[in-house]
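So the chains spell out like this:
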Amino acid sequence: MTSDSATQAVPLGTAPTPLEPAPRLAQRLGLRPDDLWIKRDDLFGIGGGGNKIRKLAHTAATAIDSSADMLITTGAAQSNHARSTAAVAARLGMRCTLALAGTPPTPASGNLTLDRLFGARVRWVGDVDEAGLATAAQQLAAEHERAGGRPYVVPFGGSDAAGAHGYIECAGEIVAQLPGVVTVVVAVGSGGTMAGLVAWLDGARVLGVDSGAVPDAGARVRDLVTALGVETGPLRLRTDQVGSGYAALTDAARRAMFDAGTTEGLILEPVYTAKALAGLRAAVEEGDVRPGERTVFLHTGGLPGLFGHPVAGALAAELLA
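Notes on the structure in this doc start here. Owing to the predicted nature of the structure, the values given are computational and were not obtained by experimental measurement. (Residues numbered from 1 in each chain as written. Predicted model: local features only at pLDDT ≥ 70, side-chain atom pairs only at ≥ 80, totals over all residues. Heavy atoms only, no water.)

With that settled, the discussion passes to the nonpolar core. Note that soluble globular proteins tend to have their nonpolar side chains buried in a common cluster. One finds Leu36, Leu268, Leu277, Leu280 and Phe297 to be the most contacted residues of the largest nonpolar core, which totals 31 residues. When residues of this core are traced back to their parent elements, those giving at least two are helix H1 (23-29), strand E2 (36-40), strand E7 (183-188), strand E8 (206-210), helix H9 (251-264), helix H10 (273-286) and helix H12 (311-320). Here this core takes seven residues from H10, the largest share from any one element. The residues touching Phe297, leaving out its near neighbours within four places in the chain, are Leu36, Trp37, Ile38, Lys39, Val185, Leu268, Thr273, Ala276 and Leu277. In terms of nonpolar packing, the next biggest core, distinct from the first, is built from 29 residues, Cys170, Ala195, Val214 and Val230 among them. (Core = buried A, V, L, I, M, F, W, Y, C linked by side-chain atoms within 4.5 Å. Buried < 20%, exposed > 50% of the residue type's maximum accessible area, 1.4 Å probe, protein only. Helix = DSSP H or I, 4+ residues; strand = E, 2+ residues; numbered from the N terminus. Contact = heavy atoms within 4.5 Å.)

Here it is as structure tokens:
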């Protein structure tokens, strides 16, 4: 099932991304060796890669059409989306301003280092929620307009109908690469990645694992699917892997990081991909994902954020102990 409309993407990455077998990880999770495949969207595009770049390839086309000279967006301190937006702005010859929640950490690391290398300006806006971040972005846009500029505000997480088209595209790649795929597993943050997959594959074939980034991930995904002009049935969305909060590393996610690393040399980060793999393990244990079925785990990237997360030092200490 697909949307009737599409955006013309800006070339920011090479598609299709690889689809790789993961036989040892499959067995670790309780599947058969040939059941599990990894869709390597962590390898898509510039600036550290990942799903945010694939979405921004479509969003940036809209910004170009509006003659923008600056991209403005929002996020947490270690936002993969903010880092990706900064990289895209640099590639397109635009300026970039990021409204980030919290206060400047010392020292800066992870995605914040890359934000700086890509030339972004950061405005720290304190302890605010998503609505507060949106207000800050509009204020920054107004400032730039008063100075004679042409800003384009990229939505939180890059998740709107334009960005979600990137994952309609990705779903088409998966079906072509692995005919007969039964389930595609994906982390859910702001909802656009899952929405694009659902728009092509339908809700029954996409298993989303909520990371806790927004209060009601299911509502976000449904609204975005509707904005794409698609009707779908009930969503498969696990909400049991959030733990104590959005950025918190759960025991299950920690286990998932080691499972992926020790079986396939695959790097997961604690906020999204590790929780998604933990959700896949739980789904296998409950019989929602079964041996003998072709399953794809969508690796959405986010590696730079690992090196800005407090868990990075703790994991290193464990290995050196």
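By secondary structure assignment, the location of Thr263 is in helix H9. On the basis of relative accessibility, which here comes to 9%, the residue Thr263 falls in the buried class. A polar contact is formed between the side chain of Thr263 and the backbone oxygen of Asp259, at a distance of 2.6 Å. Once residues lying within four places of it in the same chain are set aside, the contact partners of Thr263 are Arg24, Leu25 and Arg28. (Polar contact = N/O pair within 3.5 Å; in protein donor to acceptor, adjacent residues only side chain to side chain.)

Given a rise of 1.5 Å per residue, 17 residues ought to cover 24 Å, and the 25 Å separating the end C-alpha atoms of helix H6 (residues 161-177) matches this to within 8%. Looking at the buried positions of H6, the neighbouring elements they touch are E2, helix H2 (51-65), E7, helix H7 (192-201) and strand E10 (295-299). (Expected span 1.5 Å × (residues − 1).)

Nonpolar side chains collect at one region of the surface, where Ile267, Leu303 and Phe307 lie side by side and expose about 290 Å² of accessible area between them. Residue position: Phe307 is located in the loop between helix H11 (303-306) and H12. Accessibility expressed as a relative area gives 55% for Phe307, which makes it exposed. (Patch = residues over 30% accessible without salt bridge, like charges linked within 9 Å, V, L, I, M, F, W, Y side chains within 5 Å. Areas by Shrake-Rupley, 256 points an atom, 1.4 Å probe, with all protein chains shown as cover. Salt bridge = Lys/Arg side-chain N within 4 Å of Asp/Glu carboxyl O.)

Turning next to the pairing of strand E3 (residues 70-75). Here E3 lies mainly inside the structure; six of its six residues are buried. Covered by surrounding structure in E3 are Met70, Ile72 and Thr74 together with Leu71, Thr73 and Gly75, the residues of both alternating faces. Across six bridges, E3 lies against strand E4 (residues 95-100) in parallel orientation. Bridging from a neighbouring strand, Thr74 pairs with Ala99 of E4. The handedness of the E3 to E4 crossover, carried by helix H3 (residues 80-92), is right-handed. Direction of pairing for E3 relative to strand E6 (residues 151-153): parallel, over a ladder of three bridges. Across the sheet, residue Ile72 finds its bridge partner in E6, namely Val153. (Pairing = 2+ DSSP bridges. Right-handed = clockwise from strand over helix to strand, strands pointing away.)

What follows covers helix H5 (residues 130-146). With 17 residues, H5 extends 25 Å from end C-alpha to end C-alpha; this agrees with the ideal 24 Å at 1.5 Å per step. The set of residues buried in H5 consists of Leu133, Ala136, Ala137, Leu140, Ala141 and His144. One side of H5 carries all its buried residues, which in axial view fall inside an arc of 140°. Packing partners of the buried residues in H5 comprise E3, E4, strand E5 (121-124) and E6. A side-chain oxygen of the first residue of H5 lies 3.2 Å from the backbone nitrogen of Ala131; this N-cap is Asp129. A positive phi of about 90° marks Gly148, the residue just after H5. (Arc of directions from axis to C-beta.)

This part is about the pairing of E4. Remark: a regular strand shows side chains that alternate across the two faces of the sheet. Here E4 lies mainly inside the structure; five of its six residues are buried. As paired strands, E4 and E5 are joined by four bridges and run parallel to one another. Note that in E5 the partner of Leu100 across the bridge is Trp124. Regarding topology, helix H4 (residues 111-117) serves as the crossover connection from E4 to the parallel E5, and that connection is right-handed.

Two quantities define a packed helix pair, namely the angle between the axes and the distance from one axis to the other. Two numbers describe how H7 lies on helix H8 (residues 217-227): the axes approach to 8 Å, and their chain directions differ by 50°. If you check the angle between H7 and H8, you find them oblique. H7 and H8 meet at a crossing whose hand is right-handed. Between H7 and H8, the contacting residues are Gly192, Met194, Ala195 and Val198 on the first element and Val221, Leu224 and Val225 on the second. For the contact of H7 with H8, a count of residues per class yields six nonpolar, one polar and no charged. (Axes fitted to C-alpha atoms, helices over the stretch in contact; angles between N-to-C directions. Parallel < 35°, antiparallel > 145°, perpendicular 65-115°, else oblique. Left-handed = near helix turned anticlockwise from the far one by under 90°. Nonpolar A, V, L, I, M, F, W, Y, C, P; charged D, E, K, R; others polar.)

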